[in-house]
Amino acid sequence: MAITTFDDARAAVRAGTSIDDAAAGLVASMTPEERLWCLDGDQPTWAGLGSLGSGGYHRSPFPAAQVERIGLDGVAFADGPRGCVIGNATAFPVSMARGATWDPDLEERIGDAIGRELRAAGANLTGAVCINVLRHPAWGRAQETYGEDPFLVGELGAALTRGLQGHVLACVKHFACNSMENARFTVDVTVDEVALHEVYLPHFKRIVDEGVASVMSAYNSVNGEWAGQSRALLTDVLRDEWGFEGFVISDWIFGMRDAATSVTAGLDVEMPYRMVRAQHLPDALERGDASWDDVDRSVRRIVATLLRFDEVLSAPASPRSILGAPEHRALAREAAARSVVLLRNESVDGTPVLPLDPSASVAVVGRLADRVNLGDGGSSDVWDLDCHTVLDGLRDAVGTVTHDDGSDPDRAASVAAGADVALVVVGYTFLDEGEYIGSTDPALTKLFPPADDPELVARFEAANAALAPTEQPERIGERPGGFSVGGDRTSLRLLDEDVALIRAVAAANPRTVVAIQAGSAVVMSEWAELVPGIVQPWYGGCQAGPGLADVLVGDVVPSARLPFSVPADESDLPPFDRDATSFTYDRWHGWWHLRRTGTAPAYPFGFGLSYTTFEVPGDDVAVEVASDGPVVVTGTVRNTGDRDGADVVQVYGRLPDTEAPERLLGFARVEVPAGGSVPFRVEVPVDRLATRDPAAHAWAAPKGTYVITVARHAADPAATERRIDLV
Ligand code: BGC
């Protein structure tokens, strides 16, 4: 049967033709112009950029590879990970907050909700799965990932992918080594094979194994080649070693520079506009710098992926009213509460400062107390119109609330003195951290075409005129200008004004609780001892206030755990240079670096308090190597307090090579009733213990003695150790 339309290809697959053969058949029937058309975004560059700057980013997805003549719908990309960026959607807590839940099931439900909203908004591909490892908390986009540990990041990213891919294609980003923001368009990351495969890539492999449809390359270069045109990453690792079958897209606008090199290296689609390839690929093909086989291979990958996901993408989309639907807002509230990390909860007059008595009077102070603070103002921004601040949340949860914006610390202190408890809301906004587009390197502006094709512009404008209305939230007006301004942090401290406010309020009210809104670690040593209570509620999404209030009054018992270490001092961490032109990534950051240098963290990786207490009795811990392979770790979690709660059991492993960093090998979030005991079981496939052999460019099978530790955080003095021998 001849395959000349997407419908034919679909029918052929139903009749038993392999997806690859059906895709090849369709591609063979396409004209050369159609095949080239599929290799970049469908929109004109200049008109696209103009619309981007005036809110277009939130109004319609970016199309690519749409070929009407043959019924190829192609892709329509919308961003994440905070939610669906098109339309007035639900803003969920940022990914780092969700990382703190250590709960893949919850993350999968969030993925399902975001996926439904994306489809309803007209998208079928999303860049919501951002999983670069947090190498340093100053990274401006820290909030978009899940933490500093590749295993934790991989498990949560895989869960999000599962949830999303019930509705849309997921795209995992940014491949690879994109853990700095201001320098992202220019920095070259040097990384050796061991650090690359053991620290910077395992989570990408995890998402590929989960069946992700698409990968987005990074802006930065890796070992001297731009990630968007790196054969080493895009073909040798992604395709040949991992067997990835989907398609690769570039990061936006400056994600690749050379038409031919990008195609031959394995980058399938240049996003989002007709830009570099549209100008230069035809000539490069003439010259033989790239071949039509290269072109067809990329088109086949797109068509094959659309065929593979045909059932998902052909299923009816939810109505647009699903955007911001009550059930998604309820989930956002659950996630906001479940992500609040309780870091400190000292007693005042014999009683822990938290939970609050709902009949208490609470002074809510600080410039962020009544601010909608969703996080980054760049590509992850969600235009949610129904957001509830901390002040809103507290007003609904406790009897008496007073409020002061904290602009005058003395005035705020006197308001605090008049209340039973003071809650100081401090931290950052999109002005302090987030995506960053600074002045553009002149080498990059040369990539722009001289002009757009007028016919394309006319089509683009007609499509824009037909879009569903999307309302711009008022808070956007607070920006000093530009698409995104935050960038990498210059310090891990709070702003001076926040520190002054904490000091003033703490001196006025012994029951002071500090709530930190931030995307990653904040150094607290200079003020932490002054207050009995500290919580980190992140950028908590549209229900940030109610979710935090649920925890503060004890309706939700805190169960979140830090997805990174909080250092006592910034100098305890490896260096970070936001203006670097080259940088070396090694195996030592976060808790590994602190352990190696013998430095105690202020709060360790995996740490978080509860309103109850837990024990993992050592006598119950067993570690066995099952006959069919995995290492099986079992034991019980005992709730020794008087509230029901959830604990997160963490399994770590020291390798026979004592020079190698210890690894998080598995974890289990366990709900335990007050006074009860609940068993846990963590399975660790042995390949999770493998190490990279740089000479063989392959994984070395694990052999030797491993020390397996069952702990409640990475520096747990009550941890239980067991040894296993692998032969
Ligand atoms: C960001 C990506 C994002 C893309 C499209 C880029 O600037 O780096 O994370 O997916 O824009 O919004």
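Look a little higher up for the structure.
Because the structure is predicted, anything quoted here is derived from the model rather than measured. (Residues numbered from 1 in each chain as written. Predicted model: local features only at pLDDT ≥ 70, side-chain atom pairs only at ≥ 80, totals over all residues. Heavy atoms only, no water.)

Caption draft 1: Molecular detail of the environment of Pro-326. Residue placement: Pro-326 occurs in helix 15 (residues 326-338). For Pro-326, a relative accessible area of 65% puts it in the exposed group. Separated by 236 residues in the primary sequence, Pro-326 and Thr-90 place their C-alpha atoms 9.4 Å from one another. (Helix = DSSP H or I, 4+ residues; strand = E, 2+ residues; numbered from the N terminus. Buried < 20%, exposed > 50% of the residue type's maximum accessible area, 1.4 Å probe, protein only.)

Caption draft 2: Highlighting the packing of aromatic side chains. Applying the stated criterion across every chain yields a total of 21 aromatic pairs. Between the aromatic rings of Phe-62 and Tyr-273, the centroid separation amounts to 6.5 Å while the plane-to-plane angle is 65 degrees, which identifies the pairing as edge-to-face. Here Tyr-273 lies in strand 11 (residues 273-274) and Phe-62 lies in strand 2 (residues 62-64), a separation of 211 residues in the sequence. Of the two residues examined, Phe-62 and Tyr-273, each falls in the buried class. Ring centres 5.4 Å apart and planes at 50 degrees place the aromatic pair Trp-102 and Phe-605 in the tilted group. With a gap of 503 residues between them, Trp-102 in the loop between helix 5 (95-99) and helix 6 (104-120) and Phe-605 in the loop between helix 22 (590-596) and strand 23 (614-615) connect regions that are remote in the sequence. (Phe/Tyr/Trp six-rings, centres within 6.5 Å; stacked < 30°, edge-to-face > 60°.)

Caption draft 3: Just the pattern of salt bridges, in detail. In this structure the tally under the stated criterion is 50 salt bridges. In this structure, Asp-384 engages Arg-329 in a salt bridge whose closest nitrogen and oxygen atoms are separated by 3.0 Å. Of this pair, Asp-384 sits in the loop between strand 15 (361-365) and helix 16 (390-397) while Arg-329 sits in helix 15, placing them 55 residues apart in sequence. We classify Asp-384 as buried; its relative accessible area is 2%. (Salt bridge = Lys/Arg side-chain N within 4 Å of Asp/Glu carboxyl O.)

Caption draft 4: Geometry of the site of the ligand. Lining the immediate environment of the ligand, one finds 13 residues, of which Tyr-57, Asp-79, His-174, Asp-251 and Glu-435 sit closest. Between Lys-173 and the ligand, the recorded distance is 2.9 Å, taken from a side-chain N or O atom to an oxygen atom. With respect to the ligand, the side chain of Glu-435 contributes an N or O atom lying 2.6 Å from an oxygen atom. Residue composition of the shell around the ligand, by class: 5 nonpolar, 2 polar and 6 charged. (Near = heavy atom within 4 Å. Polar contact = N/O pair within 3.5 Å; in protein donor to acceptor, adjacent residues only side chain to side chain. Nonpolar A, V, L, I, M, F, W, Y, C, P; charged D, E, K, R; others polar.)

Caption draft 5: Representation of the packing of helix 1 (residues 6-14) against helix 13 (residues 292-308). Where helix 1 meets helix 13, the closest approach of the two axes is 11 Å, and the angle between their N-to-C directions is 60 degrees. With respect to helix 13, the axis of helix 1 lies oblique. Note on packing geometry: the crossing formed by helix 1 with helix 13 is right-handed. Judged by residue contacts, Phe-6, Ala-9, Arg-10 and Val-13 of helix 1 engage Val-303, Leu-306 and Leu-307 from helix 13. Classifying every residue of the contact of helix 1 with helix 13 by side-chain character gives 6 nonpolar, no polar and 1 charged. (Axes fitted to C-alpha atoms, helices over the stretch in contact; angles between N-to-C directions. Parallel < 35°, antiparallel > 145°, perpendicular 65-115°, else oblique. Left-handed = near helix turned anticlockwise from the far one by under 90°. Contact = heavy atoms within 4.5 Å.)

Caption draft 6: The sheet that holds strand 4 (residues 125-130), seen in detail. Across the sheet, 6 strands lie side by side as 2-3-4-5-7-10; this open sheet has mixed pairing. Edge positions in the sheet fall to strand 2 and strand 10 (247-249), since each of these pairs with one other strand and no more. Pairwise comparison of adjacent strand axes, ignoring direction, gives a mean angle of 35 degrees for this sheet. Across the face of the sheet, helix 7 (residues 150-164) comes into contact with strand 4 and strand 5 (169-175) while running at roughly 160 degrees to strand 4. On the sheet, helix 9 (residues 202-209) packs against strand 4 and strand 5 and is oriented at approximately 165 degrees with respect to strand 5. (Pairing = 2+ DSSP bridges.)

Caption draft 7: Just unusual backbone geometry, in detail. Cis geometry marks the peptide bond from Gly-80 to Pro-81, where omega comes out at 5 degrees. You can see Pro-81 is positioned in the loop between strand 3 (75-78) and helix 5. In the Ramachandran plot, Cys-177 falls in the positive-phi region, its phi being about 65 degrees despite a non-glycine side chain. Of note, Asp-349 is a non-glycine position whose phi angle comes to about 50 degrees, a positive value.

Caption draft 8: Spatial organisation of the nonpolar core. Phe-175 and Ile-249 are the most contacted members of the largest nonpolar core, which totals 150 residues. In contact with Ile-249, other than residues within four places in its own chain, are Phe-77, Leu-125, Cys-171, Ser-214, Val-215, Met-216, Ser-217, Leu-267, Val-269 and Met-271. The next biggest cluster of nonpolar side chains, apart from the first, holds 42 residues, and it includes Ala-97, Leu-343, Ala-419 and Val-505. (Core = buried A, V, L, I, M, F, W, Y, C linked by side-chain atoms within 4.5 Å.)

The quantities given are spatial measurements derived from coordinates; they are silent on function.
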